[in-house]
Amino acid sequence: MINNIIKFSLSNKYLILVASLVLLIFGTRTASEMDVDVFPDLTAPTVVVMTDAHGMASEEVERLVTFPIEAAVNGATGVRRVRSVSSQGYSFVWVEFDWGTDVFKARQIVSEKLISISEQMPGGIAQPTLAPQSSVMGEIFFVGLQADTTDMMTLRTIAEWNLKPLILATGGVSQVTIIGGEYKQYQVLADPMKMRFYNVTIQELAKVCEGISQNSTGGVIREYGNEYVVRGIGRTSDLEELANTYVKSVNNKPIRIDDVAEVVIGGAVKMGYASENAKPAIIISISKQPNANTLEVTKNIEKNIATIKSTLPADVRVDTKIFRQADFIEISVNNVQDALIEGGIFVIIVLFLFLGSFRTTIISLLAIPLSLMGAILVLKVLDFNINTMSLGGMAIAIGSLVDDAIIDVENVYKRLKQNRLLPSDLQQSSFTVVFEASKEIRASILNATLIIIVAFLPLFFLSGMEGKMLKPLGISFVVSLGVSLIVAMTLTPLLAKMMLSDEKYLAKNEKESWLTRKLSAIYEKSLIWSIEHKKIILFPTVGLFVIAMIIFMTFGRSFLPEFNEGALTLSVVTKPGTSLEESNNLGNLVETEMLSIPEVTSTARRTGRGELDEHSQTVNSAEIDINFVIKDRSQEEFMEEVRKKLVAYKNSDQNSNLLIFHIYKYFFIYLIFNNITFKMYIQNYK
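Calculation criteria
Residues numbered from 1 in each chain as written. Predicted model: local features only at pLDDT ≥ 70, side-chain atom pairs only at ≥ 80, totals over all residues. Heavy atoms only, no water. Helix = DSSP H or I, 4+ residues; strand = E, 2+ residues; numbered from the N terminus. Buried < 20%, exposed > 50% of the residue type's maximum accessible area, 1.4 Å probe, protein only. Contact = heavy atoms within 4.5 Å. Areas by Shrake-Rupley, 256 points an atom, 1.4 Å probe, with all protein chains shown as cover. Lys, Arg positive; Asp, Glu negative; His and termini not counted. Charge placed at Lys NZ, Arg CZ, Asp CG, Glu CD. Phe/Tyr/Trp six-rings, centres within 6.5 Å; stacked < 30°, edge-to-face > 60°. Core = buried A, V, L, I, M, F, W, Y, C linked by side-chain atoms within 4.5 Å. Polar contact = N/O pair within 3.5 Å; in protein donor to acceptor, adjacent residues only side chain to side chain. Expected span 1.5 Å × (residues − 1). Arc of directions from axis to C-beta. Salt bridge = Lys/Arg side-chain N within 4 Å of Asp/Glu carboxyl O. 1 Å grid on protein atoms, 1.4 Å probe; cavity = no way out; pocket = protein on both sides within 12 Å on 5 of 7 lines; lining within 4 Å. Points joined across faces, edges and corners; volume = space filled by probe spheres on them. Nonpolar A, V, L, I, M, F, W, Y, C, P; charged D, E, K, R; others polar. Axes fitted to C-alpha atoms, helices over the stretch in contact; angles between N-to-C directions. Parallel < 35°, antiparallel > 145°, perpendicular 65-115°, else oblique. Left-handed = near helix turned anticlockwise from the far one by under 90°. Pairing = 2+ DSSP bridges. Patch = residues over 30% accessible without salt bridge, like charges linked within 9 Å, V, L, I, M, F, W, Y side chains within 5 Å.

Enquirer: I'd love a proper account of the overall build of the protein chain, names of residues and values included.
Expert: Looking only at helices and strands, one finds 23 helices and 21 strands in the protein chain. C-alpha extents for the protein chain along the principal axes are approximately 130 × 80 × 55 Å. When each of the 686 residues of the protein chain is scored for burial, the buried share is 44%. Partitioning the contacts of the protein chain with sequence separation of at least 6, the portion at a separation of at least 24 is 75%. Of the accessible surface of the protein chain, which amounts to about 36500 Å², a share of 59% is contributed by carbon and sulfur atoms. Taken together, the 64 basic and 72 acidic charged side chains of the protein chain have centroids lying 6 Å from each other.

Following this line, the structure appears as structure tokens:
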């Protein structure tokens, strides 16, 4: 079969050349259109159930809201784990499904389960809702709002009614969460003494407030061939008009709201604070939809924000550099692409030095782009994206991609030279020489390639997070290696016949290159010496192997190496029960300390949580995103100063565990290299 493939390729020149060109064109186009990310999406199919339970304590939320939801979804088809968080006024339940479950089917299953418990929810509690489809890895962008003279309530209103709808209208955005500032409310502040004097109960006042400031419909009037819509206009934002709303009549005299209460504009009960560079701010967190292109979504968001900036008050500043996942994606992918390019350059240099021929170098090198484009097309068909793992697989394979072609070209080149030296009556046609030379080494090439491919096959049997992480690497490596084998059986023999069989060219390159002759002579001497001194070779080799294994056993283990993207996240968690204001003060203090470090360029802090944000924290915790630029010292020295700044708070209490380590008596801190997909935790400072 393999011989027939080689013979077919040599006999159908134009078909093979056109097919190779099509592969290059379609592969390049597909690569330019594919989604780009740092890592594959490692989040199991998850549905988040959120319930607004304002006014309820954590214990009541857990018992009356969270537990019924957990009981309903537990045991549902495909559910492998259920997690929950119950806090004052909010309930979050994460329902994780088996890997490979269609997330929209999972949402349908959860929705059906929630219908059965709708009547079990306490009175006055909103019905459980499903969070927009996203994941922890879906947080792609933070936007900060600050102003010099505009008050925080107006700034929050701008974020809620100007920026949020615009961002949500951007394709690929699933969720926008706002934290910080004053959430504007029209508040009715009842006066108990006046209510008692006018004999107005709190229930009567609340009922009136529920229907306050509403329009009503009156049907239509048809007259003289015209139709008029009848409306009762009652909606208003004027405080005086709201205060004049009728409550009841006492002694035939109307009682209005302002007789028993005061109507004011005020801020809602705060559940979170935000700051930027230790100054109050509004932080907008943006999450993307699954399978959305992070780079494209980020670009569109920035474009939309730029269009609205001119309509904002002159003193309002919009900062889009707090956290931008696209930056790390671009840096990471560009680094791997640079490694691919550098590897290709080294391959070119080595090939040219050893083959000593420009034509043989070109024939061998063509296997690289064709193999990589083949891998790209297969990744697209399997619904993978371009990330550091898939590119890493290609980078690992780049040295092996030319192996098959080199062996084939070198053997064909040698046989063509030998055929030229034969008497004219014994010389064979170039077709026969190339075919026989390719057939001669085909079994060796096939066996060697299959052995390498088999070594990577265990990656395809990994499940869970490890499988999601490493399968793209294995697929890109195996597929590119497989395509290189096909290229070596089709295009390489054809090009060797077309470019190397010319009489003048063979005559000009009759001798081996100077470097090849020198190295061959050295190798011959070393080989003879090695055969004659077996013990001197074997014993040191075994000794080095044993030493290497001993050293290997002493190495530390880590799922991934640390990343340096010029940013870190500092999480400040106070003792449970600490007030939001105190947590805000402590977070602001830590933020100020971080800004005193020369390398730190900016900070952004979120204390507490935003409304119905499943990624937010409790009121006794804060997250500080720190951007830094290493200048006159190493990153290790910079991190050492960060630790010293934190240890400046005395009476540290260390109690290390998987995620955090305690440093302070009153609050504990963990440092995270913010690499988007994973958070690499540094060791305890001792």
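On we go from here.
Enquirer: So what's going on with the packing of aromatic side chains? Residues and values would help.
Expert: Enumeration over the complete set of coordinates arrives at six aromatic pairs. Aromatic pair Phe456 and Phe477: ring centres 3.9 Å apart, planes at 20°, arrangement stacked. Here the residue Phe456 occupies a position in helix H16 (residues 430-456), and Phe477 occupies one in helix H17 (residues 464-489), the gap between them amounting to 21 residues. A relative accessible area of 3% means that Phe477 is categorised as buried.

Enquirer: Describe the nonpolar core, with residues and values.
Expert: Among the nonpolar cores identified, the biggest contains 62 residues, and Ile368, Leu391, Met394, Leu416 and Leu500 are the most heavily contacted of them. Tallying contributions element by element places H17 first for this core, with nine residues. Not counting chain neighbours up to four residues away, the residues in contact with Leu391 comprise Val333, Val336, Gln337, Leu340 and Ile386.

Enquirer: Just give me the short version of the side chain of Glu96, but keep the residues and values in it.
Expert: Along the chain, Glu96 falls in strand E3 (residues 90-97). A polar contact of 2.8 Å, which involves the side chain of Glu96, links it to the side chain of Arg81. Side chain to side chain, Glu96 and Arg83 meet in a polar contact 3.1 Å long. Apart from residues lying up to four places away in sequence, Glu96 is in contact with Pro45, Thr46, Gly78, Val79, Arg80, Arg81 and Arg83.

Enquirer: Tell me what's going on with helix H2 (residues 13-33), and back it up with residues and numbers.
Expert: With 21 residues, H2 ought to run about 30 Å at 1.5 Å a step, and its terminal C-alpha atoms sit 31 Å apart, in line with that. For H2, the full list of buried residues reads Ile16, Ser20, Gly27 and Thr30. One side of H2 holds all its buried residues, which, seen down the axis, span an arc of 105°. For H2, the exposed residues lying more than 90 degrees away from the buried face are Tyr14, Val18, Ile25, Arg29, Ser32 and Glu33. Tucked into the core, H2 has its buried residues touching helix H1 (2-11), helix H13 (367-381) and helix H18 (491-500).

Enquirer: Describe the pattern of salt bridges, and please don't skip the residues or the numbers.
Expert: Scanning all chains against the criterion turns up 21 salt bridges. The salt bridge involving Glu440 is made with Arg415; its shortest N-O contact spans 2.6 Å. Linking Glu440 in helix H16 with Arg415 in helix H15 (residues 403-421), this pair joins segments that are 25 residues apart in sequence. You can call Arg415 partly exposed: its relative accessible area is 25%. When salt bridges with common partners are traced through the structure, they connect Arg80, Arg81, Arg83 and Glu96 into a single cluster.

Enquirer: Summarise the layout of surface pockets; cite the residues concerned and give the values.
Expert: One number sums up the size of the second largest pocket: a volume of about 1200 Å³. Lining the second largest pocket are 43 residues, with Asp41, Pro290, Asn291, Asp383 and Lys468 sitting closest to its centre. For the lining of the second largest pocket, the element with the highest residue contribution is H17, accounting for five residues. Taken together, the residues that form the lining of the second largest pocket break down as 16 nonpolar, 17 polar and 10 charged.

Enquirer: Lay out the packing of H15 against H16 in plain terms, naming residues and giving numbers.
Expert: Following both chains from N to C, one finds H15 and H16 inclined at 155°, their axes separated by 9 Å at the closest point. When the axes of H15 and H16 are compared, the pair comes out roughly antiparallel. The two elements H15 and H16 cross, and the hand of that crossing is right-handed. Listed contacts from H16 to Asp404, Ile407, Asp408, Asn411, Val412, Arg415, Leu416 and Asn419 of H15 are Val433, Val434, Ala437, Ser438, Glu440, Ile441, Arg442, Ile445 and Thr449. Split into classes, the residues belonging to the contact of H15 with H16 amount to eight nonpolar, four polar and five charged.

Enquirer: Describe the sheet that holds strand E2 (residues 79-87), with residues and values.
Expert: Pairing in this open sheet of four strands is antiparallel, and the strands run E2-E3-E1-E4 from one edge to the other. On the outer flanks of this sheet lie E2 and strand E4 (129-130), each paired with one strand and no other. Relative to E4, strand E1 (residues 46-52) is paired through two bridges, and the arrangement is antiparallel. Paired with Met50 across the bridge in E4 is Thr129. Lying on the sheet, helix H3 (residues 58-73) is in contact with E1, E2 and E3; it crosses E2 at an angle near 165°. Sheet contacts for helix H4 (residues 103-115): E1, E3 and E4; angle to E1, the most-contacted strand, approximately 35°.

Enquirer: Describe the sheet that holds strand E5 (residues 139-147), naming the residues involved and giving the relevant values.
Expert: Two orientations exist for strands paired in a sheet by backbone hydrogen bonds: parallel and antiparallel. Spatially, the four strands line up as an open sheet ordered E6-E15-E5-E16, and their pairing is antiparallel. Of all strands in the sheet, those bounded by a partner on one side alone are strand E6 (173-179) and strand E16 (316-324). Adjacent strand axes in the sheet meet at a mean angle of 20°, parallel and antiparallel pairs treated alike. Bridging between E6 and strand E15 (residues 282-288) involves six bridges; their strand directions are antiparallel. Considered in E15, the bridge of Thr177 is made with Ser285.

Enquirer: Please set out a positive patch on the surface residue by residue, giving values where relevant.
Expert: Taken together, Lys511, Arg517, Lys518 and Lys525 make up a surface patch of like positive charges. Structurally, Lys525 can be placed in helix H20 (residues 514-532).

Enquirer: Describe helix H11 (residues 325-355), with residues and values.
Expert: Relative to the 45 Å expected for 31 residues at 1.5 Å per residue, H11 spans 45 Å between its end C-alpha atoms, a close match to the ideal helical length. Once H11 ends, the next one or two residues include Gly356, with phi positive near 65°.

Enquirer: How would you sum up unusual backbone geometry? Please name residues and give values.
Expert: The phi dihedral of Tyr224 is positive, around 55°, even though this residue is not glycine. Structurally, the position occupied by Tyr224 is in the loop between strand E8 (216-223) and strand E9 (226-232). With a phi close to 65°, Asp383 is a non-glycine residue in the positive phi region. With respect to the helices and strands, the residue Asp383 is situated in the loop between H13 and helix H14 (388-401). The class of Asp383 is exposed, set by a relative accessible area of 65%.

Enquirer: Give me the pairing of strand E17 (residues 567-574): which residues, what numbers.
Expert: Where burial is concerned, most of E17 is hidden: eight out of the eight residues are buried. Taking every second residue as pointing to the same face, both faces of E17 are buried, with Ala567, Thr569, Ser571 and Val573 on one and Leu568, Leu570, Val572 and Thr574 on the other.

Enquirer: Describe the environment of Val65, naming the residues involved and giving the relevant values.
Expert: One can find Val65 in helix H3. Val65 gets classed as buried once you look at its relative accessible area, which sits at 0%. Other than its neighbours up to four places away in sequence, Val65 contacts Thr51, Met56, Glu60, Ser91, Met121, Pro122 and Ile125.

Enquirer: How would you sum up a nonpolar patch on the surface? Please name residues and give values.
Expert: Residues Val542, Leu544, Phe545, Val546, Ile547, Met549, Ile550, Ile551, Phe552, Met553 and Phe555 make up a contiguous nonpolar surface patch of about 1100 Å² in total accessible area. Within the secondary structure, Phe545 is located in helix H21 (residues 534-554). With relative accessibility at 54%, the residue Phe545 sits in the exposed group.

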